[in-house]
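The residues making up each chain are set out below.
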Amino acid sequence: MARMQERGIQVAEIFFALQNPDRIVEKGETKIAIKQRQNNHALLVVYKRNKDETKVITVIDTSKVDKYL
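This structure is a prediction, so every number in the text was calculated from the model and none was measured.

**Q** Could you give me a rundown of the pairing of strand S1 (residues 23–27), with the residues and numbers involved?
**A** Here 5 bridges tie S1 to strand S2 (residues 30–36), and the two strands are oriented antiparallel to one another. Residue pairing for S2: Lys27 is matched across the bridge by Thr30. Linking S1 back to S2 in an antiparallel pair, the connection comprises 2 residues, with Gly28 at a positive phi of about 70 degrees.

Next comes the structure, spelled out in structure tokens:
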């Protein structure tokens, strides 16, 4: 959580990306939700979901929007 704060990523942004992704990439059981941010960046939320919960593995803020969207 401290690293998210250092990078200016709010918890609400992660929930929004998971609920309203621009794109989802599936890699086996792991999924990546990709959401474009206002500052020409993309937010990548790497997660696993089972029927009871969603576990966020990592969150990445990248300026390489074209690579992911």
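**Q** Before we move on, can you summarise the nonpolar core with the specific residues and values?
**A** By size, the foremost hydrophobic cluster in this structure holds 10 residues: Met4, Ile9, Ile14, Ala17, Leu18, Ala33, Leu43, Val45, Tyr47 and Val59. Among the secondary structure elements, those contributing two or more residues to this core are helix H2 (11–19) and strand S3 (42–49). Those residues in contact with Val45, other than ones at most four positions away along the chain, are Ile14, Ala17, Leu18, Lys31, Ile32, Ala33, Val56 and Thr58. By size, the runner-up hydrophobic cluster in this structure holds 7 residues, among which are Ile34, Leu44, Val46 and Val65.

**Q** Account for the side chain of Thr62, with residues named and values stated.
**A** In this fold, Thr62 is placed in strand S4 (residues 54–62). On the basis of relative accessibility, which here comes to 10%, the residue Thr62 falls in the buried class. Separated by 3.0 Å, the side chain of Thr62 and the backbone nitrogen of Lys64 make a polar contact. Ignoring sequence-local partners within four residues, the contact set of Thr62 consists of Asn40, His41, Ala42, Leu44 and Tyr68.

Rules used throughout
Residues numbered from 1 in each chain as written. Predicted model: local features only at pLDDT ≥ 70, side-chain atom pairs only at ≥ 80, totals over all residues. Heavy atoms only, no water. Pairing = 2+ DSSP bridges. Helix = DSSP H or I, 4+ residues; strand = E, 2+ residues; numbered from the N terminus. Core = buried A, V, L, I, M, F, W, Y, C linked by side-chain atoms within 4.5 Å. Buried < 20%, exposed > 50% of the residue type's maximum accessible area, 1.4 Å probe, protein only. Contact = heavy atoms within 4.5 Å. Polar contact = N/O pair within 3.5 Å; in protein donor to acceptor, adjacent residues only side chain to side chain.

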